[in-house]
Amino acid sequence: MRMKIFIKSLVLISLLLGTQMVIAGSYIDYATVTSVEKAYKQYRTEEPYQECYIQETLQNAGDGSATNEIIGAIIGGAIGNKIGENSSDSGKDVLTLAGIVLGASMANDAEKTNSTGQVVVSQEVCETKVKTSYVKRLSHYLVHINYEGRDLAFTSKKRPYEDVIKVKVTVDSLDY
């Protein structure tokens, strides 16, 4: 008799433990896919580009070089030095210096006389700008399923192509 009670107790304990395992755990089952919706997201893109145009500016005429004035100063200084050969040392220096100044001034005047004053200079100017655009891209899928009479939904990166999919069911006991 004691043995029968012991065996019944073991069976009862096994059943109770077995029900606890069913109450707390997870298993794989199947659900019916009722619909799949594409979900989009807008992404901002920036693309640099160059915009070039011709810009016209006014510049003073002339070659922009001091070469003519330097050559004029050298020639004027040589002539002043030659003229001042028969003078005293200080007179020779004064005539050389006057020749330098006069030669540079004459070269500058000649350059200005031959120029028209101001000229229009065309130059290409390029600016880097940024083009901003918005692109609509597929973000994920919203999958609607029916599992045991309940309509449920979840998001997925992959689109399900079958009418029935595997679902992981997790069962947990609620403590009241």
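Presented here is an overview of the structure given in this document. Everything quoted here is computed from the prediction, not taken from an experiment.

Attention shifts here to the overall build of the protein. Within the protein one finds three helices and four strands. In the protein, the succession of helices and strands from N to C terminus is α-β-α-α-β-β-β. Taken over 176 residues, the protein has a buried fraction of 15%. Nonlocal contacts in the protein, meaning residues at least 24 apart in sequence, comprise 81% of its contacts between residues at least 6 apart. Here the protein displays about 14,400 Å² of accessible surface, and carbon together with sulfur accounts for 57% of that area.

On to a nonpolar patch on the surface, then. Side chains of Ile71, Ile75, Ile79, Ile83 and Leu95 sit close together on the surface and give an oily, nonpolar patch of about 460 Å² of accessible area. In terms of residue count, the dominant contributor to the nonpolar patch is helix 2 (residues 67–83) (four residues). You can see leucine 95 is positioned in helix 3 (residues 89–114). Since its relative accessible area comes to 32%, leucine 95 is described here as partly exposed.

This next bit is on the pattern of salt bridges. Here the structure, examined in full by the defined rule, presents three salt bridges. With its nearest N and O atoms 2.4 Å apart, the salt bridge here joins arginine 44 to glutamate 46. The salt bridge partner of lysine 129 is glutamate 51, with a shortest N-O separation of 3.0 Å. Residue lysine 129 is located in strand 2 (residues 118–147), and its partner glutamate 51 is located in strand 1 (residues 25–60); the two are separated by 78 residues in the primary sequence. The exposure class of lysine 129 is partly exposed, given its relative accessible area of 30%.

With that settled, the discussion passes to the environment of isoleucine 71. Note on placement: isoleucine 71 falls in helix 2. Separated by 33 residues in sequence, isoleucine 71 and alanine 104 have C-alpha atoms that sit 7.4 Å apart.

All told, the structure shown has one disulfide when counted by the stated rule. Covalently, cysteine 52 is tied to cysteine 126 through a disulfide, its sulfur atoms 2.0 Å apart. Across the S-S bond linking cysteine 52 and cysteine 126, the dihedral sits near 110 degrees, which makes this disulfide right-handed. Pair noted here: cysteine 52 is in strand 1 and cysteine 126 is in strand 2, with a separation of 74 residues, a long-range link.

In terms of nonpolar packing, the biggest core is built from nine residues, these being Ala31, Val33, Tyr141, Val143, Ile145, Tyr147, Ile165, Val167 and Val169. Broken down by secondary-structure element, the contributors of at least two residues to this core are strand 1, strand 2 and strand 4 (164–171). Residues in contact with tyrosine 147, not counting those within four places in the same chain, are Tyr27, Asp29, Tyr30, Ala31, Leu152, Val167 and Val169.

In this fold, methionine 106 is placed in helix 3. The spacing of methionine 106 and glycine 76 is 30 residues in sequence and 9.2 Å in space, taken between C-alpha atoms.

Calculation notes
- Per chain, the residues get numbers from 1 upward, laid out in the order the sequence is written.
- With the structure being a predicted model, the display of local features is reserved for residues of pLDDT at least 70 and the display and counting of side-chain atom pairs for 80 or more, all residues being used for whole-chain, interface and lining totals.
- Heavy atoms throughout the structure, all of them, feed into the side-chain values; hydrogens and water do not.
- Strands here mean DSSP runs of E at least two residues long; helices mean DSSP runs of H or I at least four residues long; both are numbered from the N terminus.
- The cut-offs for exposure are 20% and 50% of the maximum accessible area for each residue type, with area from a 1.4 Å probe on protein chains only; residues under the lower value are buried, those over the upper are exposed, and the others partly exposed.
- It only takes one pair of heavy atoms within 4.5 Å for two residues to be counted as in contact.
- To measure how exposed things are, a 1.4 Å probe is used in the Shrake-Rupley method; for residues, cover is taken only from the protein chains shown.
- Note that patches include only residues with greater than 30% relative accessible area and no salt bridge, and the join distances are 9 Å for like charges and 5 Å for nonpolar side chains (Val, Leu, Ile, Met, Phe, Trp, Tyr).
- When a carboxyl oxygen of Asp or Glu is within 4 Å of a side-chain nitrogen of Lys or Arg, the pair counts as a salt bridge.
- Only a pair of cysteine sulfur atoms within 2.5 Å counts as a disulfide in this structure description.
- We define the nonpolar core as a collection of buried residues of types Ala, Val, Leu, Ile, Met, Phe, Trp, Tyr and Cys that are connected through side-chain atoms lying within 4.5 Å of one another.

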